Structure formats: structure tokens, C-alpha cells
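Here are the chains, one letter per residue:
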Amino acid sequence: MVESGTRTEVSSLLGRRIVNVRIGLFSILFMGACAHTSVAAPTIEVQGHRGARTTYAENSIPSFLFAVESGADVIELDMAVSKDDVLVVIHDLELSQTLCQDSTGNAVDSVIKVRDLTMQELKKYDCTQRPDPGFPKQRSIPATPLPTLLEVIEAVQKKEKELGRTVRFNLEVKSVPGRPTHTPSPRKYAELLTAVVKKTNIADRSNVQSFDQRILHEMANLMPNLTRAILVHANLLDVVAVAKGAKAHIVSPHKYWILPEQIKALHKLGIRVIPWTANTTEDWAYLLSLGVDGIITDDPHQLIEWLKTQ
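Just so you know, these numbers come straight off a predicted model, no measurement behind them.

Considering the packing of aromatic side chains
This model, assessed by the stated rule, comprises four aromatic pairs. Seen from their ring centres, Phe 211 and Trp 276 are 6.1 Å apart, and the 85° between their planes marks the pair as edge-to-face. With Phe 211 in the loop between strand S9 (206-210) and helix H5 (213-222) and Trp 276 in the loop between strand S12 (272-273) and helix H8 (281-290), the pair connects residues that are 65 residues apart, well separated along the chain. Taking relative accessible area as the criterion, Trp 276 reaches 11% and is therefore assigned buried. Measuring from ring centre to ring centre gives 6.4 Å for Tyr 256 and Tyr 286, while their planes differ by 55°; the resulting arrangement is tilted. One end of the pair, Tyr 256, is in the loop between strand S11 (250-253) and helix H7 (260-268); the other, Tyr 286, is in helix H8, and 30 residues separate them in sequence. You can call Tyr 286 partly exposed: its relative accessible area is 32%.

Topic: the environment of His 267
Note on placement: His 267 falls in helix H7. Along the sequence, His 267 and Ile 250 sit 17 residues apart, while their C-alpha atoms lie 9.9 Å from each other. Among all residues touching His 267, those that are not within four sequence positions of it are Val 273, Gly 291 and Asp 293.

A few points about the pairing of strand S10 (residues 227-232)
With respect to burial, S10 is a largely interior element, six of its six residues being buried. Going residue by residue along S10, you find Thr 227, Ala 229 and Leu 231 tucked away on one face and Arg 228, Ile 230 and Val 232 tucked away on the opposite face as well. Relative to S10, S9 runs parallel, the two sharing four bridges. Counted as the bridge partner of Val 208 is Arg 228 from S10. In terms of handedness, the path from S9 via H5 over to S10 forms a crossover that is right-handed. Sheet topology places S10 next to S11; four bridges connect them, and they run parallel.

Observations regarding unusual backbone geometry
Even without a glycine there, the phi angle at Asn 201 is positive, about 60°. A residue is classified by how much of its surface remains accessible, and Asn 201, at 63% relative accessible area, is exposed. In this model, Lys 247 sits at a positive phi of 55°, which is unusual for a non-glycine residue. One can find Lys 247 in the loop between helix H6 (239-245) and S11.

So, the pattern of salt bridges
For the structure on display, the rule yields 20 salt bridges. Among the ionic pairs, Asp 78 bridges to Lys 174, the shortest N-O distance being 3.8 Å. Of this pair, Asp 78 sits in strand S6 (residues 74-81) while Lys 174 sits in the loop between strand S8 (168-173) and helix H4 (186-200), placing them 96 residues apart in sequence. The salt bridge involving Glu 172 is made with Lys 174; its shortest N-O contact spans 2.9 Å. With respect to class, Glu 172 is no different from Lys 174; both count as buried. One salt-bridge network, held together by shared partners, links Arg 50, Arg 53, Glu 58, Asp 78, Glu 172, Lys 174 and Asp 298.

With respect to the state of the cysteines
Scanning the model with the defined rule gives one disulfide in all. Shown here is the disulfide that connects Cys 100 with Cys 127, its sulfur atoms set 2.0 Å apart. An S-S torsion of about 100° defines the bridge between Cys 100 and Cys 127 as right-handed. Of this pair, Cys 100 sits in the loop between strand S7 (87-89) and helix H2 (119-122) while Cys 127 sits in the loop between H2 and helix H3 (149-163), placing them 27 residues apart in sequence. You can call Cys 127 buried: its relative accessible area is 11%.

Focus on the side chain of Thr 200
Along the chain, Thr 200 turns up in helix H4. Assessed through its relative accessible area of 8%, Thr 200 is described here as buried. Separated by 2.7 Å, the side chain of Thr 200 and the backbone oxygen of Val 196 make a polar contact. Ignoring sequence-local partners within four residues, the contact set of Thr 200 consists of Leu 150, Ile 153 and Gln 157.

The rules behind each value
Residues numbered from 1 in each chain as written. Predicted model: local features only at pLDDT ≥ 70, side-chain atom pairs only at ≥ 80, totals over all residues. Heavy atoms only, no water. Phe/Tyr/Trp six-rings, centres within 6.5 Å; stacked < 30°, edge-to-face > 60°. Helix = DSSP H or I, 4+ residues; strand = E, 2+ residues; numbered from the N terminus. Buried < 20%, exposed > 50% of the residue type's maximum accessible area, 1.4 Å probe, protein only. Contact = heavy atoms within 4.5 Å. Pairing = 2+ DSSP bridges. Right-handed = clockwise from strand over helix to strand, strands pointing away. Salt bridge = Lys/Arg side-chain N within 4 Å of Asp/Glu carboxyl O. Disulfide = S-S within 2.5 Å. Polar contact = N/O pair within 3.5 Å; in protein donor to acceptor, adjacent residues only side chain to side chain.

Below, the structure is given as C-alpha cells:
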């Protein structure tokens, strides 16, 4: 899986910091008198997709820290697994031939599976220096090797202490059933993630998400109280059945592949809907009109500023 008013901080049961969208006051006629009643404002959770890749290279520590500084409620990241079973933060199961380069500055020009290299070997690659065609305004940063999941979480926790606020973590597990040599088994994958979540003490402010339902089932077995999100990218006739089958608390569909009636059906079951990846005011307005619970965006800073005007 891309500025004013007052922004109110609200604490939910999950400890999220969410953006309060103002919808104002309305007048009603009651018992022959005109009364002005304040309406409960809808809330939208802002998730920084791969950090904030409109501003910094995706899945890099600078990108995540910028998202936190911008006020994002959640940072979303992707992970694969190295040969020596370390969770590495990277979008694909193979090194990108567009974005990644080796220690000599040469672009990756062949298929290199993350799973085939140790973490020490992966650290020799940098996926932040080469231009991202989709995000020409990205700011340059010093050479930045691929980070581990542990390194990202610890860097965010340090930034949280500096800012005096916390965020949630949306931990996407990259796994493809038809490519078993690219990842460990779903059980092993879940065990590795469980170990890091427990080590960093973020279970109460995290969720695991994946397209692969096997991962969610294994995480349900190992950490039943951890929030789970199922990613979908197709037009599903029965998204409720899919959510139930995945044991999911959240459905994250592509921004154009969810309908109002599906959202209402999911909400009746207490399942939240957080689409991806919306980067324009038109898309944000459209998703708000549907009644979604959050938006995953490559530009959390601009989404937060836009929400202040609504």
C-alpha cells in the first residue's frame, strides 16, 4: 500500500489522539420555541502512510518523525523479514529497483529478496536517496540505511517524549501466500512481531494490519487483545463477511472501493473503516462524506490543516 480553526485533542479508549472536525451548531424548533443545540462533532483519525512520504522518503525514520511532529494520530509502516529473522521496515518483499541503491551508490538492478539477506547485509542499502517519481517534493536527507522495526519504534518513542504526546502504530505485515520463500511462515512472522510489540510496550496503542488473513489469525492467537485490521483492494460484495473471517476490528479498503451502506453495516458490528491512500482535498471530502473513521494519507500535515477548516 501517498492549512485554520481549533484542533481538539480527544482521548479514546485506545489512547488515540484524533482530529476533531467542527460541524458547528444547528437550530431546531421545539415546543414552539427556537433552541440552539450543539451537535457532537465527527472525528477522523489521521494516519501517516509510510510516515509522510510527500515530505520525506517512505518508511524512513525522518519520515516517521515528521509525521509525529505534524500531529498525525497514527504512523503506518510496512515490514518484511531478513534472513536472520529481523523485522525490517520496507514496503516491498524485494528491494525496490526504483528507490534503493547499494553502498557504492549504484541502483539495485536485479531482484533481491529481503528474506535472502541478513540485517547486516540489508544495512548496506539505502532507499532514501534516489528520487521517488510519485513525490517530487520530497526533501533530501543524509544517507539513511534501512531501519529495523525496533529502531523505528524507539526513535518515535524518543520523539514522543520530546513533544509530550503519543501516537499509535499501524504495523503492516507484508505477506503473500503464493510467495512463501519471501517470508517466514505466518506463525513465525507473528511470533517475531509479538516479540517486538511486547519489548517496546506498545500493544495498547498498536494494530497489526495485513492483506494476508493468515497473519491476522496467528496474531489473534498470540495477542488476542491486539487490534487487527484487514486490508482490502477489491470490490467485495460482502465486506462484513470478510471482516468477520479475518477476525478484524478495522477494515482498511482502497479509497474508492467502499460504499456507504457497507460502512454502515460494519459500524453496526463495531468495526471501524479507515481507507487508503487519500492525498487530495477532493478525496478527503469524499471520504468524510461517507462517514469513515480515519484516513491513511501520504500527507498527514496537509490533511490535519485541511481538517481544521471543515
